[in-house]
2 protein chains.
Amino acid sequence: MTESLGVAPALVRLSFLVSSIYSEVCAGYDLTAPQAQLLCVIRDQPRGMTELTDLLRLEKSSVSGLVDRVERRGLLRRQMSPADRRAVTVAPTAAGKRVTRGFYDEITRRLHLLVADLPAAERDVFTLTASRIVLDEAVPPIFGAAAA
Amino acid sequence: MTESLGVAPALVRLSFLVSSIYSEVCAGYDLTAPQAQLLCVIRDQPRGMTELTDLLRLEKSSVSGLVDRVERRGLLRRQMSPADRRAVTVAPTAAGKRVTRGFYDEITRRLHLLVADLPAAERDVFTLTASRIVLDEAVPPIFGAAAA
DNA sequence: TATTGTTATACTCTATAACTATA
DNA sequence: TATAGTTATAGAGTATAACAATA
């Protein structure tokens, strides 16, 4: 039997734990957490800079710099939009896709391990409640498919 | 009825959400997230630099710099240890205690709001499972009381 | 005028490596 | 020698403000 923490300590510590695992896996791919997040966001479809601003919740100048650094590593490229000559689209390169897939799969594996010891029913209920919270709060799809 | 995400997307997005709220509240107190975390960790008792290294999972030089910046704002002070003349103890000032209390209470309030719309039973089960995970994984007590 | 994006600047955060002082 | 902590350095991340180009 476990003593329950309060809601706030439980959430803050869980967030700290997940972030730690995320960063640990990032390091294995020579990525920083923001870089990995960017790659995950453009995984399914190319995105414009303004769109990335919303998804990552960063200022546009921050996105510019972040895209610069990942581009310099050859993991993504900027594409000019034919329709709007101001606009830029960001898409992963072949190397970027490989890295993203490896990273994504390993994160998934590591997080499954985190709940592996729980009874299946408890695990499912927990995941469902967490899903409810993030869907209710309109958290951007920074990991996993955009829609259900 | 909500469609459930997978375990990994649910956890990653929940962590992103909690971090966003954490940072938002930090901004209201003119703190960065690492600074607030430091203040929360020394809230209940003074800590040595090496101890902070373990609690915050940072290198000692990172802790030095972080303590420098919070000290410069007058929110904590370094105290010499009488027993070991190499050792330093970090404790909040009166101003630091006030800021920490305000920050802590607001984070708590904001996170309670996050689960306020859930049925009480679901909320309790969710909190218990989250507690189990973080206690099993020996997450450092970066928020809330150290022990149960 | 509004929008898209970049650049300049400044500060925080973090790690690695080298260092000082004490145990 | 080992431990506690700081300093030097370098790079990533971020925001604000000013800017250029296009719509």
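Residues numbered from 1 in each chain as written. Chains lettered and ligands numbered in written order. Predicted model: local features only at pLDDT ≥ 70, side-chain atom pairs only at ≥ 80, totals over all residues. Heavy atoms only, no water.

Chemist: It is not clear to me how empty space enclosed by the protein should be interpreted in this structure. Could you clarify?
Modeler: Vacant regions in the atomic arrangement are exposed by a probe of water-molecule size rolled over the atoms. Counted by the stated rule, this structure contains one cavity of 30 Å³ or more. The space that makes up the largest cavity amounts to roughly 90 Å³. Tallied by class, the residues present in the lining of the largest cavity amount to six nonpolar, two polar and three charged. (1 Å grid on protein atoms, 1.4 Å probe; cavity = no way out; pocket = protein on both sides within 12 Å on 5 of 7 lines; lining within 4 Å. Points joined across faces, edges and corners; volume = space filled by probe spheres on them. Nonpolar A, V, L, I, M, F, W, Y, C, P; charged D, E, K, R; others polar.)

Chemist: Would you mind showing me how to read the sheet that holds strand β3 (residues 88-92) of chain B here?
Modeler: Strands pair in a sheet through their backbones, by hydrogen bonds, and they do so in one of two ways: parallel or antiparallel. Residues and elements named next belong to chain B. Read from one edge to the other, the open sheet built from three strands follows the order β1-β3-β2, with strand pairing classed as antiparallel. Two strands bound the open sheet, and with one partner strand each, they are β1 (47-48) and β2 (76-80). As paired elements, β2 and β3 share five bridges and run antiparallel to each other. Directly across from R77, in β3, lies its bridge partner A91. (Pairing = 2+ DSSP bridges. Helix = DSSP H or I, 4+ residues; strand = E, 2+ residues; numbered from the N terminus.)

Chemist: When you look at the interface of chain B and chain A in this model, what are you seeing that I'm missing?
Modeler: Interface size is commonly expressed as the accessible area that is lost once the parts come together. Facing 53 residues of chain B, the contacting portion of chain A comprises 53 residues. Taken over both partners, the interface formed by chain B and chain A buries close to 5200 Å², and the fraction arising from carbon and sulfur atoms is 75%. Contact with chain A buries area across many residues of chain B, yet L11, R13 and F16 of chain B alone supply 14% of it, more than any other trio. On the surface where chain B and chain A come into contact, there are two salt bridges. With a closest N to O distance of 2.8 Å, E122 of chain B and R132 of chain A form a salt bridge. Linking chain B to chain A there are 15 residue pairs in polar contact (both at pLDDT 80 or more). When contributions to the side of chain B that touches chain A are tallied by element, the ones reaching two or more residues are α1 (7-28), α3 (49-56), α5 (94-114) and α6 (120-136) of chain B. Here the side of chain B that touches chain A takes 15 residues from α1 of chain B, the largest share from any one element. Among the residues making up the side of chain B that touches chain A, the classes are represented as 34 nonpolar, 13 polar and six charged. (Contact = heavy atoms within 4.5 Å. Buried area = accessible area lost by both parts, 1.4 Å probe. Salt bridge = Lys/Arg side-chain N within 4 Å of Asp/Glu carboxyl O. Polar contact = N/O pair within 3.5 Å; in protein donor to acceptor, adjacent residues only side chain to side chain.)

Chemist: Quick question: what am I supposed to make of the protein's contact with DNA strand D here?
Modeler: Near DNA strand D, the surroundings consist of 23 residues, among which T32, S61 and R69 of chain A together with S64 and R86 of chain B are the closest. Sugar and phosphate atoms represent 65% of those atoms of DNA strand D found within 4 Å of the protein. At 2.7 Å, a side-chain N or O of R78 of chain B approaches a phosphate oxygen of DNA strand D. Elements supplying a minimum of two residues to the surface near DNA strand D: α2 (33-41) and α4 (60-72) of chain A together with α3 and α4 (60-72) of chain B. Per-element tally for the surface near DNA strand D: the top contributor is α4 of chain A, with four residues. (Near = heavy atom within 4 Å.)

Chemist: Got a minute to help me understand the state of the cysteines in this structure?
Modeler: As used here, a disulfide is simply a covalent bond connecting the sulfur atoms of two cysteines. The full count for this structure, using the stated rule, is zero disulfides over all chains. Lacking any disulfide linkage, C40 of chain A is separated from the closest cysteine sulfur, that of C26 of chain A, by 8.1 Å. (Disulfide = S-S within 2.5 Å.)

Chemist: Just to check I follow, could you spell out the side chain of S20 of chain B for this structure?
Modeler: Mapping S20 of chain B onto the fold places it in helix α1. At 3.4 Å, the side chain of S20 of chain B forms a polar contact with the side chain of R57 of chain A.

Chemist: I keep staring at the protein's contact with DNA strand C and nothing clicks. Help me out?
Modeler: Taken together, the neighbourhood of DNA strand C is formed by 22 residues, with S64 and R86 of chain A together with T32, S61 and R69 of chain B sitting nearest. Every element with two or more residues in the surface near DNA strand C is listed here: α3 (49-56) and α4 of chain A together with α2 (33-41) and α4 of chain B. Counting residues per element, the surface near DNA strand C draws most heavily on α4 of chain B, which supplies four residues. Taken together, the residues of the surface near DNA strand C sort by class into seven nonpolar, seven polar and eight charged.

Chemist: Explain unusual backbone geometry to me, please; I cannot follow it from the model alone.
Modeler: For residues besides glycine, phi is generally negative; the peptide bonds are generally trans as well. All names here are of chain A. If you check the backbone angles, D30 has positive phi at about 60° while not being a glycine. For D30, the position within the fold is in the loop between α1 (7-28) and α2. Note on D30: relative accessible area 59%, which makes it exposed. With a phi angle near 55°, A138 is a residue other than glycine that sits in the positive phi range. The topology assignment puts A138 in the segment after α6 (120-136). (Buried < 20%, exposed > 50% of the residue type's maximum accessible area, 1.4 Å probe, protein only.)

Chemist: What is the right way to look at the side chain of T100 of chain B in this model?
Modeler: Residues and elements named next belong to chain B. Relative to the elements of secondary structure, T100 occurs in helix α5. Residue classification places T100 among the buried positions, given a relative accessible area of 3%. The contact partners of T100, leaving out residues within four places of it in the chain, are L39, C40 and R43.

Any functional reading would require information beyond the geometric quantities listed.
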